[in-house]
Amino acid sequence: NEIEMMKKYNVPTVVIGYEVEDDNLCSISVDAKSISKEITNDYLDRGIDDIIFVKPRQNLVRLDEFADGIKEAFAAHGLTFGDERIISTSTHYEKSYPFFQNYFKDHRHQLVLNGYDKEAVAVVNGAQDNGIAIPDDMEVIGMMNTSYSIMSRPALTTIHVPVYELGAMAIRLLTKMLNGEEITEHKVIVSTHLIKRNSTK
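The sections below set out a description of the structure shown in this document. On a predicted model such as this, the values are computed, not experimentally measured, just so you know. (Residues numbered from 1 in each chain as written. Predicted model: local features only at pLDDT ≥ 70, side-chain atom pairs only at ≥ 80, totals over all residues. Heavy atoms only, no water.)

**With respect to the overall build of the chain**
Point 1. Along the backbone of the chain there are seven helices and nine strands.
Point 2. With the principal axes as the frame, the chain shows a C-alpha extent of 60 × 35 × 30 Å.
Point 3. Every one of the 201 residues in the chain was classed for burial, and the buried ones make up 45%.
Point 4. Element-wise, carbon and sulfur atoms account for 48% of the exposed surface of the chain, whose accessible area totals about 10,500 Å².
Point 5. Here the chain carries 21 positive and 30 negative side-chain charges, and the mean point of each set is 3 Å from the other. (Helix = DSSP H or I, 4+ residues; strand = E, 2+ residues; numbered from the N terminus. Buried < 20%, exposed > 50% of the residue type's maximum accessible area, 1.4 Å probe, protein only. Areas by Shrake-Rupley, 256 points an atom, 1.4 Å probe, with all protein chains shown as cover. Lys, Arg positive; Asp, Glu negative; His and termini not counted. Charge placed at Lys NZ, Arg CZ, Asp CG, Glu CD.)

So this is what it looks like as structure tokens:
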């Protein structure tokens, strides 16, 4: 609704995290589907298919598209990744940690993908409280490469999303729009990469 309103009133706008474009509308985002598809394919190729996705309620990354990438990788291997494998969780550690502390009393998985590092730390701590060794019994991958990823014990393997660059590029695009300069690319996709630490083998 907000985007449609910006279009209607022709307000110069740069959206971070969603792919949109119009005459006076640009976007900066990452290819969430490709990220998750590549990681999931790598694990499935190694015979690791007990995978879940912990989806917090907010992030700069389109987490629905991230889930779609996991599903596409499973489908390419003749498998199904159902919505029951997606756990929606609070973005507040004080709520997500007790949830996973209880969850891992009865569950354990080979790999837990997380939409944010903070939730990944809650997963690590909740699992270890129940005697699940990270990464020997279960691997955990976070997202964003925040300070949480290096404070975690073990330190988190995480998907680096260049947040500073997203903001800087958005400001540059907005400045060009306000100055009436030509915009050659209205949709900018910023690359990400996996930083391997000690929560994966």
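**Examining unusual backbone geometry**
Point 1. The residue after isoleucine 134, namely proline 135, is reached through a cis peptide bond having omega 10°.
Point 2. Put simply, arginine 153 and proline 154 share a cis peptide bond, and its omega is 5°.
Point 3. Relative to the assigned elements, proline 154 resides in the loop between α6 (147-151) and β7 (157-160).
Point 4. Despite not being glycine, methionine 144 shows a phi value in the positive range, around 110°.
Point 5. Secondary-structure assignment places methionine 144 in strand β6 (residues 139-144).
Point 6. Assessed through its relative accessible area of 6%, methionine 144 is described here as buried.
Point 7. The residue asparagine 145 is not glycine, and still its phi comes out positive at about 60°.

**Overview of the sheet that holds strand β8 (residues 187-189)**
Point 1. Read across the open sheet, the three strands follow the order β1-β2-β8; overall the sheet is parallel. The strands lining the two open edges of the sheet, one partner per strand, are β1 (13-16) and β8. This sheet shows a mean twist of 15° between the axes of neighbouring strands, independent of strand direction.
Point 2. Pairing geometry for strand β2 (residues 25-29) and β8, over three bridges, is parallel. By the bridge assignment for β8, isoleucine 28 is matched with valine 188.
Point 3. Along the sheet, helix α7 (residues 163-178) contacts β1, β2 and β8; its crossing angle with β1, the most-contacted strand, is approximately 165°. (Pairing = 2+ DSSP bridges. Axes fitted to C-alpha atoms, helices over the stretch in contact; angles between N-to-C directions. Contact = heavy atoms within 4.5 Å.)

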